[in-house]
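Architecture at a glance
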Amino acid sequence: MKQFRQEHTIVTIATDGPGLIDFTEIVLEWVGRQSIDTGLLTLFCRHTSASLLIQENAAREVQDDIQAYFARIAPESSVYDHDDEGDDDMPAHLRTALTGVSLTIPVAQARPLLGRWQGIYLFEHRRHPHRREVALHLFGA
């Protein structure tokens, strides 16, 4: 009988401003090194103005359209009460609330079970560069 175990790490992702940053390969490499064949992977973004998405990784237009959509539904504006860090501050929090800060992905044969066209993205919502932390936690046997 296989012994259950768990592993965790924190990945730092540098951003240059708003956009989707594909970090699928980083996740695949880390999971592959853990010697856990079957389990559950949780990713958690440790910020309130950036989020996580699983999204199509083939057509760049998908990412552009996603960014344009969120700019329309949570626009930068001076109408928000919370603007401590500028006009992009509150819209970033709204976009994060709409997309989420955690993902759960099943793992089999030591690989996350992503679909053929799925990638794992950090969605940066702020205009200025940041260093974002994403916690990875893998549980399984």
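Because the structure is a prediction, the values reported are computed rather than measured.

Calculation criteria
Residues numbered from 1 in each chain as written. Predicted model: local features only at pLDDT ≥ 70, side-chain atom pairs only at ≥ 80, totals over all residues. Heavy atoms only, no water. Salt bridge = Lys/Arg side-chain N within 4 Å of Asp/Glu carboxyl O. Helix = DSSP H or I, 4+ residues; strand = E, 2+ residues; numbered from the N terminus. Buried < 20%, exposed > 50% of the residue type's maximum accessible area, 1.4 Å probe, protein only. Polar contact = N/O pair within 3.5 Å; in protein donor to acceptor, adjacent residues only side chain to side chain. Pairing = 2+ DSSP bridges. Arc of directions from axis to C-beta. Expected span 1.5 Å × (residues − 1). Contact = heavy atoms within 4.5 Å. Core = buried A, V, L, I, M, F, W, Y, C linked by side-chain atoms within 4.5 Å. Axes fitted to C-alpha atoms, helices over the stretch in contact; angles between N-to-C directions.

Turning our attention to the pattern of salt bridges. Tallying each qualifying case throughout the model produces ten salt bridges. In this structure, aspartate 64 engages arginine 60 in a salt bridge whose closest nitrogen and oxygen atoms are separated by 3.2 Å. In this pair, aspartate 64 and arginine 60 both sit in helix H2 (residues 60–73), four residues apart, roughly one turn of the helix. Given a relative accessible area of 44%, arginine 60 falls into the partly exposed group. Here aspartate 88 ties to arginine 126 by a salt bridge, and the two come within 3.0 Å at their closest N and O atoms. Of the two residues, aspartate 88 is situated in the loop between H2 and helix H3 (89–99) and arginine 126 in the loop between strand S7 (118–124) and strand S8 (130–140); the sequence distance between them amounts to 38 residues. What makes aspartate 88 buried here is its relative accessible area of 2%. For arginine 126, a relative accessible area of 4% puts it in the buried group. A network of salt bridges, in which partner residues are shared, links Glu76, Glu85, Asp88, Asp89, Arg126 and Arg127.

Another aspect to go through is the side chain of arginine 132. Checked against the element boundaries, arginine 132 lands in strand S8. At 3.0 Å, the side chain of arginine 132 and the side chain of serine 49 are in polar contact.

Quick look at the sheet that holds strand S6 (residues 111–112) now. Pairing is antiparallel in the open sheet, where five strands are placed in the order S1-S8-S3-S5-S6. In the strand order of this sheet, the two ends are held by strand S1 (5–15) and S6, each with one partner. Bridging between strand S5 (residues 102–108) and S6 involves two bridges; their strand directions are antiparallel. Across the sheet, residue valine 107 finds its bridge partner in S6, namely proline 112.

For the rest of this paragraph, the subject is helix H1 (residues 24–32). Residues of H1 that are buried: Thr24, Val27, Leu28, Trp30 and Val31. In a view along the axis of H1, the buried residues occupy a sector of 165°, so they form one face of it.

Further remarks concern H2. In a regular helix each residue adds 1.5 Å, so 14 residues correspond to 20 Å; H2 covers 21 Å between its end C-alpha atoms and thus fits that length. Within H2 the residues assigned to the buried category are Gln63, Ile66 and Phe70. In a view along the axis of H2, the buried residues occupy a sector of 60°, so they form one face of it. Exposed and facing more than 90 degrees away from the buried side of H2 are Glu61, Asp65 and Arg72. Check the buried side of H2 and you find it contacts strand S2 (19–22), strand S4 (50–56), H3 and S7.

On to the nonpolar core, then. Core analysis: the largest hydrophobic core is formed by 20 residues, its most contacted members being Phe23, Leu41 and Leu43. Broken down by secondary-structure element, the contributors of at least two residues to this core are S1, H1, strand S3 (39–45), S4, S5, S7 and S8. Setting aside residues up to four positions removed in sequence, leucine 41 forms contacts with Val27, Trp30, Val31, Leu103, Thr104, Ile105, Val107, Pro112, Leu136, His137 and Leu138. Leu53, Ile66, Phe70 and Phe123 belong to the second-largest nonpolar core, a separate cluster that totals six residues.

Among the polar contacts listed, one links the side chain of aspartate 88 to the backbone nitrogen of arginine 127, at a separation of 2.8 Å. Non-local contacts of aspartate 88, meaning those with residues more than four positions away in its chain, are made with Glu76, Arg126 and Arg127.

Let us now look at the sheet that holds S4. Pairing within the open sheet is antiparallel, and its three strands lie in the order S2-S7-S4. Each having just a single partner strand, S2 and S4 make up the two edges of the open sheet. Put simply, the sheet's adjacent strands are angled 35° from each other on average, direction ignored. Against the sheet, H3 touches S4 and S7, its axis set at about 50° to S4.

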